[in-house]
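# Fold and contact review
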Amino acid sequence: MTDVRIVDERTTDEHGRPFLPGMGKTWLMPIYDLFSRALGVGELHRRGVDAAGVAPGQAVLDVGCGTGNLALTLLEATPTAAVTGLDPDAGALRRAARKARRRRASLTLAQGYADRLPSGDGSFDHVVSALALHHLADEDRTAFAREAFRVLRPGGTVTIVDFGGPSPGPQDAGHEHGHAHDHGHDHGHGHGHGRSPVQAVRRLTRLLRATAEEEPRTARNYGNALVDLLSGAGFADAGEVAHVDRSFGRVSIVQATREDPAAP
Ligand SMILES: C[S@@+](CC[C@H](N)C(=O)[O-])C[C@H]1O[C@@H](n2cnc3c(N)ncnc32)[C@H](O)[C@@H]1O
């Protein structure tokens, strides 16, 4: 039996609190999944899920879950995981719920904000998050890292997938390299005049990449920022475990464990 539910975990103060939606504007949310597919974001989710290594039955919190793509990828890999997705965007959560029901996956969706996780201390084995931290204000990112530490049980891990790591620099901008494959390749079906949908997506991704390194929200992720964020919250072993170079920027997978003082 599948169980999909949406719970409103906002405090009275958080009603009407602004947030930056997945596509920048809430009314663009219906095309989020289309856009995400066109950019091959699914590969990033799969890499994040591999890195997280969730075991059957473990409790996982996906922060900034949006339309549920990371959470659903995770449930595909580990169907018995107890997954909660958190996001302030009610429309995105409704979409995530519809997708979960269609796939007969059990998923709890909580409406709330990353800087105040509505969960008890030590209640999760994993905290995961994809492409969401660059949507948060600086002070909310710092609070999120502290909250992730608090809600993880000792020995639990946080896995972040987001723009980050050393900036590839302008000479690389717009090129694919590294160990991930771009599913947006033009396999010779283009028209040669820059008008095919594939070429349009390529142009858009070039633009996005330039934006990723210059736009202050994403630029602040580069360098060691994500690792420093987790270290600053008390995680002892924060580090990049993988990265994926995509046409729209370098994406880092950063992981850390909440140390277990009782571990040998
Ligand atoms: C680019 S989308 C990523 C969605 C999803 N994780 C994915 O990988 O497809 C960024 C998400 O962060 C969410 N977000 C924005 N501000 C937030 C906040 N303060 N707390 C939690 N999530 C937030 C947005 O609503 C949006 O769903």
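Structural notes, computed from the coordinates. Only a predicted model underlies this, so the values are computations on that prediction, with no experimental measurement involved.

## A short note on the overall build of the protein
Scanning the protein from N- to C-terminus turns up eight helices and eight strands. Each of the 264 residues in the protein was classed as buried or not, and the buried ones make up 49%. Residue pairs in contact within the protein that sit at least 24 positions apart in sequence constitute 77% of those at least 6 positions apart.

## A closer look at the pattern of salt bridges
All chains considered together, the criterion is met by 14 salt bridges. Several salt bridges share partner residues, and in doing so they unite Glu14, Arg17, Asp115, Arg116 and Asp140 into one network.

## Observations regarding the layout of surface pockets
Over the atoms rolls a probe the size of a water molecule, and its path tells where empty space is left. Taken as a whole, the second largest pocket spans an internal volume of roughly 400 Å³. As for the second largest pocket, its lining consists of 20 residues, and the residues nearest its centre are Arg37, Gly42, His45, Asn69 and Arg103. Taken together, the elements giving at least two residues each to the lining of the second largest pocket come down to α1 (32-38), α2 (41-52), α3 (69-77) and α4 (90-102). Ranked by residues supplied to the lining of the second largest pocket, first place goes to α2 with five residues. Here the residues of the lining of the second largest pocket sort into two nonpolar, eight polar and ten charged.

## Considerations on the nonpolar core
Grouped together as the largest cluster of nonpolar side chains are 35 residues, with contacts concentrated most on Leu44, Val60, Leu74, Val83, Leu107, Leu109 and Phe248. At the level of elements, α2, α3, α4, β4 (107-111), β5 (124-130), β6 (152-163), β7 (239-246) and β8 (249-257) are the ones that each hand at least two residues to this core. It is α3 that provides the largest number of residues to this core, a total of five residues. Ala114, Phe124, Val151 and Leu226 belong to the second-largest nonpolar core, a separate cluster that totals 27 residues.

## What about the site of the ligand?
Around the ligand lies a shell of 18 residues, among which Tyr32, His45, Gly64, Asp87 and Ala130 are the nearest. Between the ligand and His45, the relevant distance is 2.7 Å, taken from an oxygen atom to a side-chain nitrogen or oxygen of the residue. Relative to its free-state accessible area of 590 Å², the ligand is covered by the protein chains to the extent of 97%. Among the residues making up the shell around the ligand, the classes are represented as eleven nonpolar, five polar and two charged.

## Some points on α2
For α2, built from twelve residues, the straight-helix expectation of 16 Å at 1.5 Å per residue is met to within 8% by its first-to-last C-alpha distance of 17 Å. Within the span of α2, buried status applies to Val41, Glu43, Leu44, His45, Arg47, Gly48, Val49 and Ala52. Along its buried surface, α2 packs onto α1, α3, β5, β6, β7 and β8. One or two residues past the end of α2 sits Gly53, with phi positive at roughly 60°.

## So, the packing of helix α5 (residues 138-151) against helix α8 (residues 225-232)
Between α5 and α8, the shortest axis-to-axis distance is 8 Å and the interhelical angle comes to 55°. One way to sum up the angle between α5 and α8 is to call them oblique. When you trace α5 past α8, the crossing you get is right-handed. Here Arg141, Thr142 and Ala145 of α5 come into contact with α8, specifically with Leu226, Leu229 and Leu230. Grouping the constituent residues of the contact of α5 with α8 by class yields four nonpolar, one polar and one charged.

## Digging into the sheet that holds strand β3 (residues 82-87)
Judged by pairing direction, the sheet is mixed, and its eight strands sit side by side in the order β1-β4-β3-β2-β5-β6-β8-β7 without closing on themselves. Lying at the two open borders of the sheet, with one neighbouring strand each, are β1 (4-8) and β7. Each strand axis lies, on average, 15° off the axis of its neighbour in the sheet, ignoring direction. Sheet topology note: the β1/β4 ladder contains five bridges and is parallel.

## Describing the side chain of His134
One can find His134 in the loop between β5 and α5. For His134, the side chain forms a polar contact with the side chain of His135, separated by 3.3 Å. If we skip the residues at most four places from it in the chain, His134 touches Arg141, Asp162, Phe163, Arg217, Thr218, Arg220 and Asn221.

Reading the values: rules and limits
Residues numbered from 1 in each chain as written. Predicted model: local features only at pLDDT ≥ 70, side-chain atom pairs only at ≥ 80, totals over all residues. Heavy atoms only, no water. Helix = DSSP H or I, 4+ residues; strand = E, 2+ residues; numbered from the N terminus. Buried < 20%, exposed > 50% of the residue type's maximum accessible area, 1.4 Å probe, protein only. Contact = heavy atoms within 4.5 Å. Salt bridge = Lys/Arg side-chain N within 4 Å of Asp/Glu carboxyl O. 1 Å grid on protein atoms, 1.4 Å probe; cavity = no way out; pocket = protein on both sides within 12 Å on 5 of 7 lines; lining within 4 Å. Points joined across faces, edges and corners; volume = space filled by probe spheres on them. Nonpolar A, V, L, I, M, F, W, Y, C, P; charged D, E, K, R; others polar. Core = buried A, V, L, I, M, F, W, Y, C linked by side-chain atoms within 4.5 Å. Near = heavy atom within 4 Å. Polar contact = N/O pair within 3.5 Å; in protein donor to acceptor, adjacent residues only side chain to side chain. Areas by Shrake-Rupley, 256 points an atom, 1.4 Å probe, with all protein chains shown as cover. Expected span 1.5 Å × (residues − 1). Axes fitted to C-alpha atoms, helices over the stretch in contact; angles between N-to-C directions. Parallel < 35°, antiparallel > 145°, perpendicular 65-115°, else oblique. Left-handed = near helix turned anticlockwise from the far one by under 90°. Pairing = 2+ DSSP bridges.

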